[in-house]
Amino acid sequence: MSTSPMNTPTPVRNDRMLTAEQLRGLVLGDEIDTVVLAFTDMQGRLQGKLLHARFFLDEVLGHGTEGCNYLLAVDVDMNTVDGYEHASWASGYGDMEFILDLATIRRMPHRPGTVMIQCDLASTTGEAVRVSPREMLRVQTERAAGRGWKAVAGTELEFVIYDTPYDRAWNDGYRGLVPANQYNVDYSILGSTLVEPLLREIRNTMYASGLTVESAKGECNLGQHEIAFRYDEVITTADNHAYYKTASKDIARQHGKSITFMAKPDQREGNSCHVHMSLRGKDDDALVFWDEATGTRTPAYDHFIAGVLATMREFTLFYAPNINSYKRFVKGSFAPTAVAWGIDNRTSAVRLVGRGAGARMENRLPGGDMNPYLGLAAMLAGGLYGIEHELLLEPETVGNAYESGAPTVPSTMREARDALAGSAIAAEVFGEDVVRHYVHYADVEIEAFDAAVTDWELRRGFERL
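Every value quoted in this text rests on a predicted model; they were computed, and no experiment measured them.

Rules used throughout
- Residues numbered from 1 in each chain as written.
- Predicted model: local features only at pLDDT ≥ 70, side-chain atom pairs only at ≥ 80, totals over all residues.
- Heavy atoms only, no water.
- 1 Å grid on protein atoms, 1.4 Å probe; cavity = no way out; pocket = protein on both sides within 12 Å on 5 of 7 lines; lining within 4 Å.
- Points joined across faces, edges and corners; volume = space filled by probe spheres on them.
- Helix = DSSP H or I, 4+ residues; strand = E, 2+ residues; numbered from the N terminus.
- Nonpolar A, V, L, I, M, F, W, Y, C, P; charged D, E, K, R; others polar.
- Contact = heavy atoms within 4.5 Å.
- Salt bridge = Lys/Arg side-chain N within 4 Å of Asp/Glu carboxyl O.
- Buried < 20%, exposed > 50% of the residue type's maximum accessible area, 1.4 Å probe, protein only.

This part covers the layout of surface pockets. What the second largest pocket holds in volume is close to 860 Å³. Mapped onto the lining of the second largest pocket, the elements with two or more residues apiece are strand 7 (149–162), strand 8 (213–218), strand 9 (224–229), strand 12 (273–281) and strand 17 (360–363). It is strand 7 that provides the largest number of residues to the lining of the second largest pocket, a total of 6 residues. A breakdown of the residues in the lining of the second largest pocket according to their chemical character gives 13 nonpolar, 11 polar and 17 charged.

Residue position: Asp 232 is located in strand 10 (residues 232–233). The sequence separation of Asp 232 and Met 277 amounts to 45 residues, and the corresponding C-alpha distance is 9.5 Å. In contact with Asp 232, other than residues within four places in its own chain, are Ala 151, Val 152, Ala 153 and Thr 237.

Bringing the pattern of salt bridges into the picture now. If you walk through the whole model with that rule in mind, you get 31 salt bridges. Arg 134 is paired through a salt bridge with Asp 239; the nearest N and O atoms lie 2.7 Å apart. Taken as a pair, Arg 134 in helix 3 (residues 133–145) and Asp 239 in helix 7 (residues 234–254) lie far apart in primary sequence, 105 residues in all. The residues Arg 134 and Asp 239 share a single accessibility class, namely buried. The salt bridge involving Asp 285 is made with Lys 150; its shortest N-O contact spans 3.1 Å. Linking Asp 285 in the loop between strand 12 and strand 13 (290–291) with Lys 150 in strand 7, this pair joins segments that are 135 residues apart in sequence. What makes Lys 150 partly exposed here is its relative accessible area of 26%. One connected set of salt bridges, linked through shared partners, spans Arg 13, Asp 101, Asp 120, Arg 134, Glu 135, Arg 138 and Asp 239.

Listed below in structure tokens is the structure:
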């Protein structure tokens with residue numbers, strides 16, 4: 001974790017990010033008046049504080065700040081929930097320390113005079129908060145570093161744009177939403193240009209905030225689009241992913257629209273988050289997954305793939321963390337159901353693409369609602385487990401993986417919860433305390449859903465039954 005911000009200069013990730021000294025100059029020059037301190041919670045949301053910039057310089061930059069530890073023990077509605085070891089009424093809901101990561105100082109161009117700094121979390125006695133998603137990913141990166149490797153990844157995140165603004169959508173119970181495109185616009189230039197004012201502002205804002213933007217394209221669902229960003233070291237990718245989701249919703253609101261990253265917002269195509277990952281040399285960027293001399297995959301690559309597949313069912317809760325996530329897994333939908341791999345095969349859960357420096361595996365299981373830190377941590381943990389135990393890679397699935405007879409991903413959150421709860425591998429690579437925390441997270445969601453009366457039940461039963 002980053003420590004006291006002023007001990008040593010922290011390298012910036014690129015020339016669009018700010019150093020602490022540059023931020024100080026901008027604040028003293030009255031160009032920056034607000035500093036957002038944020039961490040990512042269990043649900044994948046940025047939580048934190050908006051500080052006056054002068055107070056930040058005088059009091060927080062050198063000392064940090066605090067927040068209630070219940071922020072990693074609540075449900076989506078921010079209700080305090082019994083049963084967590086991390087925080088409870090019995091322990092008094094004390095504080096956590098926000099540990100500023102000064103490599104993450106970024107401008108927020110859509111919010112004038114504002115920067116954001118992302119944070120790690122520590123207890124008031126200085127220990128890292130093990131159930132924090134960012135810490136869970138950090139632990140896995142340290143496992144890789146112990147072998148001289150770093151993990152790089154890219155997340156391809158789909159979303160649906162509606163012409164209905166957020167407040168109206170809420171007040172109308174999310175009924176009658178108007179999609180920004182009225183027909184399938186997959187790869188359609190016309191379909192993209194119809195919503196280009198919003199897409200353009202998101203792309204340009206993200207670039208100015210330190211992300212490397214590749215492209216935007218239409219997708220299959222009505223109003224569905226994707227903006228792609230260049231791969232990076234996994235913690236950087238997760239930081240960027242979390243920032244992008246928050247900022248893009250804010251920008252959509254400013255345009256009088258709304259966007260959703262829900263895995264399955266309706267009965268058409270869901271929102272995916274395909275995750276591309278590979279290993280490189282930690283210091284020299286050397287290839288780990290590809291043998292240039294033979295032009296083939298390395299044994300380490302095959303073991304990594306085997307590990308991701310071997311742990312996929314047990315780790316599904318980290319890839320698909322909500323009740324709604326499981327509605328996406330439908331045969332013939334380009335969302336996977338088969339725990340299988342193939343070369344450039346979009347019907348399988350794991351798709352291998354690229355050669356040489358571009359050799360990487362794509363995990364097609366996660367949806368747009370994935371917490372990026374948890375999903376990347378699960379994928380990296382599974383892959384490293386495969387390497388450490390030299391797991392053999394099963395034969396490639398050729399053709400339609402939906403009809404292959406391969407094992408299937410969990411079809412409900414309850415099934416995924418039970419798989420994680422019983423996983424000896426999860427306990428080994430994450431720790432039993434972390435597993436218990438996220439199993440309880442699932443229990444809370446399942447209990448809430450089981451108690452809810454849905455529109456489907458009312459439509460079918462109110463009059464006719």
